[in-house]
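Inside the fold
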Amino acid sequence: SYISDKLNAVYRAVNIINQENLINNVLAKTGSHSYPEIDQLEDMVSLQSYLTSMERNNEFYKVRLYLRSGLIYSNENRNLFNMEDASGTLWYQELMKRDNVLLWCPPSYVEKSESGDRLLSAARLLKDPTDYNNVSGLVRIDLEESGFRDIIGRSNSIKNSLTFMINSKGVVISSSDQSQTSRYLSQVPELIGNASAHLSRYQSDTADIFAKSSRLQNTDWYIVTIIPVQDIFSQSRSIRNEILLLLLIITTVAYAFASYLAYSITGRISGVIKKMKNIQTGTLDPVAGRASKDEVGDLISSYNFMVHRIAMLVEEQYKAGIEIKSAELKALQAQINPHFLYNTLE
């Protein structure tokens with residue numbers, strides 16, 4: 001999508017330039033015998049402003065306008081160039097064969113940028129508005145190939161897979177791995193001839209591969225993706241092993257956690273059962289520790305409350321027994337005292 005949008009922006013820009021009144025008016029003047037220098041200077045400023053604005057707005061590397069020689073600004077060499085200087089280049093010769101058809105130039109057709117980066121371009125002839133049979137200029141828009149190389153390089157998700165751009169003549173435009181591209185060039189006609197939205201399996205001279213190709217709109221360029229079959233299965237095995245390892249880790253952690261959780265429950269219940277057995281021997285000990293807020297914690301709280309109540313009842317019963325004995329003794333003393341007095345009197 002990124003590449004298509006970028007190339008469509010170039011396609012639209014070339015067509016806009018071809019129909020721009022400013023450009024057509026200048027081209028009409030360049031074919032005239034009377035073109036005052038003051039007008040040339042004014043037109044140069046206007047052209048420079050227009051072309052640099054188009055560069056910035058569309059993020060193009062450079063927009064070039066080639067004009068007839070003899071003009072003050074035809075050798076400006078920033079955005080305005082002499083058409084005669086381009087006549088010996090490959091892209092110019094290919095463009096002249098196409099008349100008024102847009103030419104998409106792979107990096108091998110054009111020179112490199114000032115920084116040494118390879119360029120890919122779109123070029124078109126500009127006809128003289130007063131005589132459509134005459135060519136009065138050329139427009140060429142350049143893009144840096146490195147931007148495309150980065151995008152298609154990041155699209156490869158499988159090891160040793162390859163993505164490259166190629167034109168209908170089999171000329172490589174950009175590749176995620178230039179060294180591997182040559183291995184598959186012999187199959188390019190078959191690959192681009194069977195352009196499809198789905199991966200298809202091919203038997204190459206070097207390996208069994210999956211491949212697909214897509215044509216880029218408004219161009220004779222294709223994007224081709226090649227994935228060796230063995231690398232797909234290798235990655236599948238790697239993913240399978242990673243999943244198995246992950247499952248083993250998850251199972252171990254889950255078992256450890258379940259064991260800890262089970263022990264935390266059964267251990268506390270065992271403690272309660274032990275304390276209950278001690279009650280049979282007369283030992284009323286509560287379960288030590290702070291009760292948690294779960295079912296076992298509720299059980300421990302209830303048990304401690306029960307033990308506390310039993311201890312209170314036992315103590316109350318003991319005190320009541322002592323009081324009863326004391327009352328009985330006093331009653332006996334009360335009975336003895338009169339008899340002792342009567343006996344003494346007698």
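Residues numbered from 1 in each chain as written. Predicted model: local features only at pLDDT ≥ 70, side-chain atom pairs only at ≥ 80, totals over all residues. Heavy atoms only, no water.

1. Things to note about the packing of aromatic side chains
- Applying the stated criterion across every chain, the model contains four aromatic pairs.
- A centroid spacing of 5.3 Å and a plane angle of 55° characterise the contact between Y66 and W91, whose relative ring orientation is tilted. In this pair, Y66 sits in strand β1 (residues 62-67) while W91 sits in helix α4 (residues 90-97), placing the two residues 25 residues apart along the sequence. The pair Y66 / W91 is uniform in exposure class, with both members buried.
- The interplanar angle of 85° and the centroid separation of 6.3 Å between the aromatic rings of W91 and Y92 together place this pair among those described as edge-to-face. Just as W91 is buried, Y92 falls in that class too.
- Here the aromatic cluster, defined as three or more aromatic residues joined through ring pairs, consists of Y66, F81, W91 and Y92.
- In this arrangement the basic side chain of R140 is found over the ring face of W91, its NZ or CZ atom lying 5.0 Å from the centre. (Phe/Tyr/Trp six-rings, centres within 6.5 Å; stacked < 30°, edge-to-face > 60°. Helix = DSSP H or I, 4+ residues; strand = E, 2+ residues; numbered from the N terminus. Buried < 20%, exposed > 50% of the residue type's maximum accessible area, 1.4 Å probe, protein only. Lys NZ or Arg CZ within 6 Å of the ring centre and 35° of its normal.)

2. What about the sheet that holds strand β9 (residues 208-215)?
- Read from one edge to the other, the open sheet built from five strands follows the order β7-β6-β10-β9-β8, with strand pairing classed as antiparallel. Each of the sheet's edge strands pairs with one partner strand only, and the pair in question is β7 (172-175) and β8 (200-203). Looking at each pair of strands side by side, their axes are set apart by 30° on average, direction ignored.
- Relative to β9, β8 is paired through four bridges, and the arrangement is antiparallel. By the bridge assignment for β9, S200 is matched with A211. (Pairing = 2+ DSSP bridges. Axes fitted to C-alpha atoms, helices over the stretch in contact; angles between N-to-C directions.)

3. Here we look at the side chain of E94
- Structurally, E94 can be placed in helix α4.
- Relative accessible area serves as the criterion here: at 12%, E94 is assigned to the buried category.
- Those residues within four positions of E94 in sequence are excluded, and the remaining contacts are L103, Y109 and K169. (Contact = heavy atoms within 4.5 Å.)

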